[in-house]
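# Architecture and fold: a report
These are the residues of each chain, in order.
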Amino acid sequence: MLSNPVYDPFLILTKVYSDGAHVKQAIADTYIEEQFRARTVKIVYGVLENDCYFDFAIRHYAPKAPKLAVRTILKISLYMLLFMDKKRYMVTDCAVDLCKKLGKSGVSGFVNAFLRRFDRTAVDKTIPQNVEGEAIALSYPVFAYAMLKKEYGERAKSIAQAASAGVSVRFERNAEEYLDKTHLKTPFEDNYIFPSFVRDEGFDEGKYTFQSVGSIAICDCVAPCESLLDACAAPGGKSVLLSKKCERVTAFELHAHRVELIRQYKTRMGVHNLTEYQKDSALFDPEYEEKFDAVLCDAPCSGYGTVSENPDIKLFRKQEDFAALAKAQAAILSNVARYVKKGGALYYSTCSLFECENDKTVEGFLKSRSDFVLEELSSPLAHDKKKYGLQFLPDTAYGAGFYVCKLKRV
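Let me sum up the structure you'll find in this document.

Conventions and cut-offs
Residues numbered from 1 in each chain as written. Predicted model: local features only at pLDDT ≥ 70, side-chain atom pairs only at ≥ 80, totals over all residues. Heavy atoms only, no water. Helix = DSSP H or I, 4+ residues; strand = E, 2+ residues; numbered from the N terminus. Contact = heavy atoms within 4.5 Å. Areas by Shrake-Rupley, 256 points an atom, 1.4 Å probe, with all protein chains shown as cover. Lys, Arg positive; Asp, Glu negative; His and termini not counted. Charge placed at Lys NZ, Arg CZ, Asp CG, Glu CD. Buried < 20%, exposed > 50% of the residue type's maximum accessible area, 1.4 Å probe, protein only. Phe/Tyr/Trp six-rings, centres within 6.5 Å; stacked < 30°, edge-to-face > 60°. Pairing = 2+ DSSP bridges. Salt bridge = Lys/Arg side-chain N within 4 Å of Asp/Glu carboxyl O. Axes fitted to C-alpha atoms, helices over the stretch in contact; angles between N-to-C directions. Parallel < 35°, antiparallel > 145°, perpendicular 65-115°, else oblique. Left-handed = near helix turned anticlockwise from the far one by under 90°. 1 Å grid on protein atoms, 1.4 Å probe; cavity = no way out; pocket = protein on both sides within 12 Å on 5 of 7 lines; lining within 4 Å. Points joined across faces, edges and corners; volume = space filled by probe spheres on them. Nonpolar A, V, L, I, M, F, W, Y, C, P; charged D, E, K, R; others polar. Right-handed = clockwise from strand over helix to strand, strands pointing away.

Looking only at helices and strands, the protein has 18 helices and 13 strands in total. With respect to the three principal axes, the spread of C-alpha positions in the protein is 70 × 50 × 35 Å. In the protein, the proportion of contacts linking residues at least 24 apart, taken out of those at least 6 apart, comes to 67%. About 18,600 Å² of surface is accessible on the protein, with carbon and sulfur atoms providing 51% of the total. Within the protein, the 54 negative side-chain charges are centred at a point lying 5 Å from the centre of the 56 positive side-chain charges.

F143, A144, Y145, M147, L148, K149 and Y152 are the residues of helix α10 (residues 142–152) that are buried. Considering only its buried residues, α10 is in contact with α9 (131–138), α11 (156–161), α17 (321–336) and β12 (390–392). In the stretch just after α10, G153 is the one whose phi turns positive, near 60°.

Under the counting rule described, the total for this entry stands at 35 aromatic pairs. A centroid spacing of 5.2 Å and a plane angle of 20° characterise the contact between Y79 and F83, whose relative ring orientation is stacked. Of this pair, Y79 and F83 both sit in helix α5 (residues 68–83), four residues apart, which is roughly one turn of that helix. On the basis of relative accessibility, which here comes to 7%, the residue Y79 falls in the buried class.

Pairing within the open sheet is antiparallel, and its four strands lie in the order β2-β3-β1-β4. The sheet is open, and its two borders are formed by β2 (184–185) and β4 (208–210), each paired with just one other strand. Note: strand β1 (residues 167–171) against β4, three bridges, orientation antiparallel. When the sheet's bridge partners are listed, F171 is paired in β4 with Y208.

A separate point is the pattern of salt bridges. Within this structure, the stated rule accounts for 30 salt bridges. E172 is paired through a salt bridge with R170; the nearest N and O atoms lie 2.9 Å apart. For R199, the salt bridge goes to D204, with nearest N and O atoms at 3.7 Å. One salt-bridge network, held together by shared partners, links E290, K342, R369, D371 and R409.

Attention now moves to the packing of α5 against helix α6 (residues 88–101). Direction vectors running N to C along α5 and α6 enclose 165°, while the axes themselves pass 10 Å from each other. When the axis of α5 is compared with that of α6, the two are roughly antiparallel. Considering how the two elements wind past one another, α5 and α6 form a crossing that is right-handed. Seen from α5, the contacting residues are I73, S77, M80 and L81; seen from α6, they are R88, M90, V91, A95, L98 and C99.

Our next topic: empty space enclosed by the protein. Counted by the stated rule, this structure contains one cavity of 30 Å³ or more. Its volume calculated, the largest cavity comes out at about 30 Å³. When the residues that make up the lining of the largest cavity are grouped by side-chain class, the tally is six nonpolar, three polar and no charged.

Bringing the environment of I193 into the picture now. Secondary-structure assignment places I193 in strand β3 (residues 191–194). The class for I193 is buried, based on a relative accessible area of 2%. Sequence-wise, I193 and V169 are 24 residues apart; in three dimensions their C-alpha atoms are separated by 6.1 Å. In contact with I193, other than residues within four places in its own chain, are A165, G166, V167, S168, T182, H183, L184, T186, V213 and Y398.

The next thing to look at is the pairing of strand β5 (residues 225–230). Successive side chains on a regular strand alternate, one facing one side of the sheet and the next facing the other. Counting buried positions along β5 gives five out of six residues, so the element sits mostly inside the fold. As judged from the five bridges shared by β5 and strand β6 (residues 246–253), these two strands associate in the parallel manner. Within the sheet, the bridge partner assigned to S227 lies in β6 and is R248. Taken together, β5, helix α14 (residues 237–242) and β6 form a β-α-β motif whose crossover is right-handed.

With that out of the way, let us pick up the pairing of β3. Along β3, one buried face is formed by N191 and I193 and the opposite face, lined by Y192 and F194, is buried too. Note: β1 against β3, four bridges, orientation antiparallel. Looking at β3, one finds that R170 is bridged to N191. Here two bridges tie β2 to β3, and the two strands are oriented antiparallel to one another. Within β3, the residue paired with L184 across the bridge is I193. Here β2 folds back onto β3 in antiparallel fashion, the turn holding five residues, of which D190 has a positive phi close to 60°.

Spelled out as structure tokens, the structure:
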């Protein structure tokens, strides 16, 4: 059973679909055959990236939705057929075998017939010729794609289908030891993107860390200062990088286990001017009023700018979530603004593509706080200039989408 290529992806995806686990955690928490790890991870991510399309394809042949376990087996099988060029008989045999091993022999005949009948051309002909159809073809949630279309017009398609450029690595030292591998140089110092990158002892020694281009670009926008607060800091990448240009960095994080992530991160990277605290950045603490030269508010958001790296976001983030997110973003930004010294800087950032989480949040804040004014920002990474901030988009920023704005307290 362990040699069945459908088995390990099935275990991981069941945790995602059934338990709501995030894909990276589901992979970390699942024992999988090490020699087939790369294949398993590829299948898991591939299924999640194409989940909306696979759901449509299953409905085409099965108007009555199969149970979750069967749908998961079918989605894995479809990915192997359509994107890994596996033989139909091999994929079908593996899927049927797994059904039997799971005690679901009663549905093995349905799975067999589905995979033998499946015809992508026939399915694609039934996709509607409208916004909903475009979303299905791109395997993007319909509501989110409609939002993209409204904001970006015809560019929405290239944004939605933009893929990650690879593994973003920021080197602290000894980068030359790794640059014999194929790589892209980003506009940022010591930041390279690799098609794949195997972690070695250099990671534990603090020679390098894995940090997204978006995270690095946001830090690049922050000016050097004496004291900086990173208000929503875990897992700690921005705090650690900003400790190189700021004399003292304070990191706030709501959850204890995530505070520990910051602590581990700074220790691994040999950082000594960063102090982390478990604290809710939405609740005012008079101890920190007007204490910092700069505050970075990297607010909780929908995360739609990171779907190329975190495809499970398309499963979990729903349209109704945006109102609650907007309320939380406004509350956090309003509170941490009180921690900025007069003459200091307030940076607001997200990994979102949508105006309702970005410029609209800033606009609402500025209407309520006449003592803050907009400051111009620039970045060497391709971006769109919005009314208030810089919007980076996945089709021109290595697959990442994020936003940053700078305000000054006068």
